[in-house]
Amino acid sequence: MGKISEHVIRVVNSASLAGWYKTVMGMQVTEDVSAKTWTAFYPGEGVKLVFQEVASKGTTYKSNRDSCYWKIGVTVSDVDLAREKIVAAGTQVSVPNQFLNVGYLCHLADPNGFTIELLQHTFKQNFVKPIPDPSLALGQTAVIGQITTRSQDIEASLGLYRDTLGMKLLSIQDISDYGFCLYFLAFTAENPPDKDLASTKNREWLWQRPYTTLEIQCRPGQSCVPMDKEGEGVDHITMEVEDYANIMTKLKADQSAASKTRMVSN
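Residue positions are given per chain, counting from 1 as you read along its sequence in written order. Restriction of local features to residues with pLDDT of at least 70 applies here, the model being predicted, together with a cutoff of 80 or more for giving and counting side-chain atom pairs; totals for whole chains, interfaces and linings are based on all residues. Hydrogens are left out, water is left out, and the side-chain values use all remaining heavy atoms of the structure.

Enquirer: Before we move on, can you summarise the pattern of salt bridges with the specific residues and values?
Expert: For this analysis, a salt bridge means a side-chain nitrogen from Lys or Arg found within 4 Å of a carboxyl oxygen belonging to Asp or Glu. One pass over the structure, following the stated rule, counts 6 salt bridges. Of the charged contacts in the structure, one is a salt bridge between Glu 117 and Lys 71, with a shortest N-O distance of 3.4 Å. Note that Glu 117 is positioned in strand β8 (residues 115–120) and Lys 71 in strand β5 (residues 69–76), a separation of 46 residues in sequence. When a residue's accessible area, from a 1.4 Å probe over protein chains only, is under 20% of the maximum for its type it is buried; when over 50% it is exposed; and in between it is partly exposed. According to the relative accessible area criterion, Glu 117 is buried, its value standing at 8%. Here Arg 209 makes a salt bridge to Glu 190, at a shortest N to O gap of 3.0 Å. In this pair, Arg 209 sits in the loop between α4 (201–207) and β12 (213–218) while Glu 190 sits in the loop between β11 (180–186) and α4, placing the two residues 19 residues apart along the sequence. Helix and strand labels come from DSSP, where a helix needs a run of H or I of at least four residues and a strand needs a run of E of at least two; each type is numbered from the N terminus.

Quick look at the structure:
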């Protein structure tokens, strides 16, 4: 089974940022001195955040609605409690709300400007308050449940992640009132409770998974600016896959075909 293993981000003051994720978000952190990186993660199956140090004179990261990268999502059983803890630690967090029939959520930014979504396991109307754990920074366990990207061409994205890399499509959430549709994929043998991937019955189940999903926000006709290759920003997402050799052969063949298509169309 494959795995989303690392979310690698280039940042200034990586040690300080890792300290914030430890103190405020309750993650465990480790340092790799030789690689000049810090890693932050929750125990379990979720992705690890890897912070690569970059020169302070480089480009500063700014969240952009037109970027092909959006955020990470941290899933918890009690969003209000998590928000209360984070605000008490000195970080601003938006007021939680039940967003349509998607989830009960709110947003914040880390000290370097990268967006984090807090997403509750259950809808607001189904919430049953759990017993807090005072030993944990958020008062509860947490998972990096989503890495969220954006795409103009969902068929091309599904062709890569589902058909080539072997991820499973778990949920399709049409948010047409806001001009987009969400697709969630993961390396998993699990199946959602309802075979209809558009069913709202699958959503609370999805927010309770112990592993990280790839969330793709498809916005046809809207800008999707590639990530900067220098300065602060997302460097890459590491995915461990089975049958690596065959996947690389297919990717090279797809790239060759795409190149020939571009040449013909020109």
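Enquirer: Give a detailed account of helix α2 (residues 79–88), specifying residues and quantitative values.
Expert: All of the buried residues along α2 are Val 79, Leu 81, Ala 82 and Ile 86. Mapping the buried residues of α2 onto a view down its axis gives an arc of 165°, with all of them on the same face. For α2, exposure combined with an orientation more than 90 degrees from the buried face picks out Glu 84 and Ala 88. Throughout, a residue-residue contact means that at least one pair of heavy atoms, one from each residue, lies within 4.5 Å. On its buried side, α2 packs onto β5, β7 (103–109) and β8. By construction, the arc corresponds to the directions joining the helix axis to the C-beta atoms.

Enquirer: Just give me the short version of unusual backbone geometry, but keep the residues and values in it.
Expert: One non-glycine residue with positive phi stands out, namely Lys 36, at about 60°. For Lys 36, the position within the fold is in the loop between β2 (28–32) and β3 (37–41). Residue Lys 36 is classed as exposed on the basis of its relative accessible area of 61%. The phi torsion at Asp 243 lies on the positive side, around 55°, for a residue other than glycine. By secondary structure assignment, the location of Asp 243 is in the loop between β13 (233–240) and α5 (244–265). The partly exposed category is assigned to Asp 243, whose relative accessible area is 47%.

Enquirer: How would you sum up the sheet that holds β5? Please name residues and give values.
Expert: Two strands qualify as a pair provided that DSSP identifies no fewer than 2 bridges between them. Strands sit in the order β6-β7-β8-β5-β9-β12-β11-β10 across an open sheet of 8 strands; the sheet is mixed. Looking along the sheet, the strands with just one partner apiece sit at the ends: β6 (97–99) and β10 (168–175). The mean inter-strand angle of the sheet, taken between neighbouring strand axes irrespective of direction, is 30°. In this structure, strand β9 (residues 143–151) lies alongside β12, joined through 6 bridges in parallel fashion. In the sheet register, Thr 149 faces β12, and the bridge partner there is Ile 216. Axis definition: a line fitted to C-alpha atoms, limited for helices to the stretch in contact. Angles are taken between N-to-C directions and run from 0 to 180 degrees. In the packing of α2 onto the sheet, the strands contacted are β5, β7 and β8, and the crossing angle to β8 comes to about 145°. In the packing of helix α3 (residues 154–164) onto the sheet, contacts are made with β9, β10, β11 and β12, and the angle to β12 comes to roughly 165°.

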